[in-house]
Amino acid sequence: MVPRVVFGKGSFNQLGQILSPERKNGAPFIYLIDNVFENNKTFIEDRIHLSGNDRLVYISTKEEPKTSQVDELVSEFRNAYSFTPSGIIGIGGGSIMDLAKAVAIMMNNTGSATEYQGWDLVDNKAVYHVGIPTISGTGAEVSRTTVLTGPEKKLGINSDFTPFDQVILDPELIKEVPKDQWFYTGMDCYIHCIESLNGTYLNAFSQSYGEKAYDLCEEIFLENTLDKEEADAKLMMASWHGGMSIAYSQVGVAHAMSYGLAYVLGTKHGIGNCIVFDKLGDYYPEGVALFKKMKEVHNIELPTGVCANATEDQLDIMASVALGLVPLWENALGKNWQEKINADTLKAIYRTL
Ligand code: NAD
Ligand code: ZN
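The structure contained in this document is the topic of the report that follows. Bear in mind that the values here come from a model prediction, so they are computed numbers and not experimental data.

Concerning the coordination of the zinc ion (ligand 2)
- Distances from the zinc ion (ligand 2) to its protein donors, Asp188 (OD), His192 (NE2), His255 (NE2) and His269 (NE2), fall at 2.1 to 2.2 Å.
- Motif for the zinc ion (ligand 2), donor spacing along one chain: D-x3-H-x62-H-x13-H. With Asp188 in helix 5 (residues 179-197) and His269 in helix 9 (residues 269-277), this residue pair connects regions lying 81 residues apart in the sequence.
- Exposure remark for His269: the relative accessible area of 15% places this residue in the buried category.

Following this line, the structure appears as structure tokens:
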């Protein structure tokens, strides 16, 4: 679990105060920031107190984080400094937070990030790292994974060293997120709840967080009566609770299939989950029915024909990436999941997207 968190409008202003005791013998803090803020630098930079050889790196989130990108950043920072940084601070959505977590891990571990994709493969504690979400829903701010696309798979580095040492949840940072993206990433949280609450891994711990996040999602996306400020604050909490729920259970069919889609076509996580989940009425009937209502409330039109031009080979790879995520299927369908799902069934669903 994340050991330290502050929450509240304006709490981002406390960053300097939070970091100062963590500075080690002049070693720098490295800030990885979504480059969407490059057009509005003062919004973030005015509230970061750079000193010494601290470094700001703006990162494009056009594509989701890759193992090669992590390796390149780590090598660049190792070459630039003769000592380990005091900390890595990720300011952005799931993409940037995952990148920050992975860089923090790899600064203290050898080899390539690809070697650590999986469960509990990390040897050494990560460098101190801080997560500051600027869009809410993924739960990356609280989870014990950092999802990376590598040459062979899209899979997280799941480990006890992955979670942030500190998170700052400031609802003011998410207020400018464009509507479609707000919905897609918000639905990631809703889908986490559905997959966790309907999974065989469910237990009292994950259920209590999942139910809270589910109720918040209903309030935000279905009832739609909150004012913007209240909705933003609640969405931050929904994302946190949804992340806590899956941290102690698992996701399911939509995530497995969305990973396959992302691996082959590069479809991003939030929108990819929505596109897949929309067609999973057989697996999550109530959850999908409610999702369709939420789409209606917010006039969201999902892309269609996503796999229309996919070749047979590509569909095979999608299915194989999805089926490789064993814990997700075991959670969704039980221990004998292999008797209930196969590549042909998945390919038939992919063709409908
Ligand atoms: P994202 O980080 O890719 O950002 C989506 C878009 O929103 C980008 O264009 C970004 O520039 C923009 N954006 C971010 N903050 C903004 C702001 N304040 N104002 C305007 N625009 C803003 O999207 P995401 O959905 O948050 O994250 C998706 C990533 O998270 C994927 O890589 C996925 O694999 C990962 N993920 C990780 C976990 C985990 O537990 N580690 C869980 C779910 C998803
Ligand atoms: Zn997700």
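Now that the structure has been shown, the text picks up again.
A short note on the state of the cysteines
- Across all of its chains, the model carries 0 disulfides by this definition.
- For the unlinked cysteine Cys193, the closest cysteine sulfur is that of Cys189, found at 4.6 Å.
- Looking at Cys193, the relative accessible area reads 0%, which means it is buried.

What about the pattern of salt bridges?
- Applying the stated criterion across every chain yields a total of 16 salt bridges.
- Of the charged contacts in the structure, one is a salt bridge between Lys154 and Glu64, with a shortest N-O distance of 2.8 Å. Taken together, the residues Lys154 in strand 8 (residues 154-158) and Glu64 in the loop between strand 3 (55-59) and helix 3 (67-80) connect sequence positions 90 residues apart.
- On the basis of relative accessibility, which here comes to 3%, the residue Lys154 falls in the buried class.
- Here Asp232 makes a salt bridge to Lys228, at a shortest N to O gap of 2.9 Å. Residue Asp232 and its partner Lys228 are located together in helix 7 (residues 228-247), separated by 4 residues, close to a single helical turn.

Re the site of ligand 1
- Looking at ligand 1, there are 27 residues lining it, with Ser95, Asp98, Thr134, Ser143 and Lys268 nearest.
- Asp98 is positioned with one of its side-chain polar atoms (N or O) 2.8 Å from a nitrogen atom of ligand 1.
- Taking 870 Å² as the accessible area of ligand 1 by itself, protein coverage stands at 92%.
- Elements with a minimum of two residues in the shell around ligand 1: helix 4 (94-107) and helix 5.
- Both domains that meet at the shell around ligand 1, namely domain 1 (4-174) and domain 2 (179-352), each give it at least three residues.

Some points on the sheet that holds strand 7 (residues 147-149)
- A sheet is described by the order of its strands in space; here 3 strands give the open sequence 5-8-7, paired in mixed fashion. A strand with exactly one partner marks an edge of an open sheet, and here the two such strands are strand 5 (118-119) and strand 7.
- Here strand 5 pairs with strand 8 via 2 bridges, running parallel. Opposite Gly118, over in strand 8, you have Ile157 as the bridge partner.

A word on the side chain of His298
- Inspection of the secondary structure puts His298 in the loop between helix 10 (285-297) and helix 11 (312-323).
- A residue is classified by how much of its surface remains accessible, and His298, at 4% relative accessible area, is buried.

Topic: the sheet that holds strand 6 (residues 129-133)
- Read across the sheet, 6 strands follow the order 1-9-6-4-2-3 without closing on themselves; strand pairing throughout is parallel. Edge strands, defined here as strands with exactly one partner in the open sheet, are strand 1 (4-7) and strand 3. Shown here is a sheet whose adjacent strand axes are inclined to one another by a mean of 15°, direction ignored.
- Relative to strand 9 (residues 166-169), strand 6 runs parallel, the two sharing 2 bridges. If you follow Val130 over to strand 9, its bridge partner there is Gln166.
- Of the strands in this sheet, strand 2 (29-34) and strand 3 touch helix 3, which is tilted by about 160° from strand 3.

A few points about the nonpolar core
- Of all hydrophobic cores here, the largest spans 95 residues; its most connected members are Leu32, Tyr190, Trp329 and Tyr350.
- A domain split of this core shows at least three residues from each of domain 1 (4-174) and domain 2 (179-352).
- Excluding residues that lie within four positions of it along the chain, Trp329 makes contacts with Val253, Ala256, Met257, Ala322, Leu323, Gly334, Trp337, Ile341 and Leu346.
- If you look at the next biggest cluster of nonpolar residues, it comprises 19 residues, including Phe12, Tyr58, Tyr128 and Val130.

Some thoughts on the environment of Tyr81
- Inspection of the secondary structure puts Tyr81 in the loop between helix 3 and strand 4 (87-92).
- Assessed through its relative accessible area of 11%, Tyr81 is described here as buried.
- The spacing of Tyr81 and Ala27 is 54 residues in sequence and 8.4 Å in space, taken between C-alpha atoms.
- In this structure the side chain of Tyr81 is engaged in a polar contact, spanning 3.2 Å, whose partner is the backbone oxygen of Asn53.

Calculation rules
Residues numbered from 1 in each chain as written. Chains lettered and ligands numbered in written order. Predicted model: local features only at pLDDT ≥ 70, side-chain atom pairs only at ≥ 80, totals over all residues. Heavy atoms only, no water. Donors = N, O, S within 2.8 Å, 3.2 Å for Na, K, Ca; no water. Helix = DSSP H or I, 4+ residues; strand = E, 2+ residues; numbered from the N terminus. Buried < 20%, exposed > 50% of the residue type's maximum accessible area, 1.4 Å probe, protein only. Disulfide = S-S within 2.5 Å. Salt bridge = Lys/Arg side-chain N within 4 Å of Asp/Glu carboxyl O. Near = heavy atom within 4 Å. Polar contact = N/O pair within 3.5 Å; in protein donor to acceptor, adjacent residues only side chain to side chain. Areas by Shrake-Rupley, 256 points an atom, 1.4 Å probe, with all protein chains shown as cover. Domains from an automatic or database assignment. Pairing = 2+ DSSP bridges. Axes fitted to C-alpha atoms, helices over the stretch in contact; angles between N-to-C directions. Contact = heavy atoms within 4.5 Å. Core = buried A, V, L, I, M, F, W, Y, C linked by side-chain atoms within 4.5 Å.

Shape descriptors only; they carry no functional weight alone.
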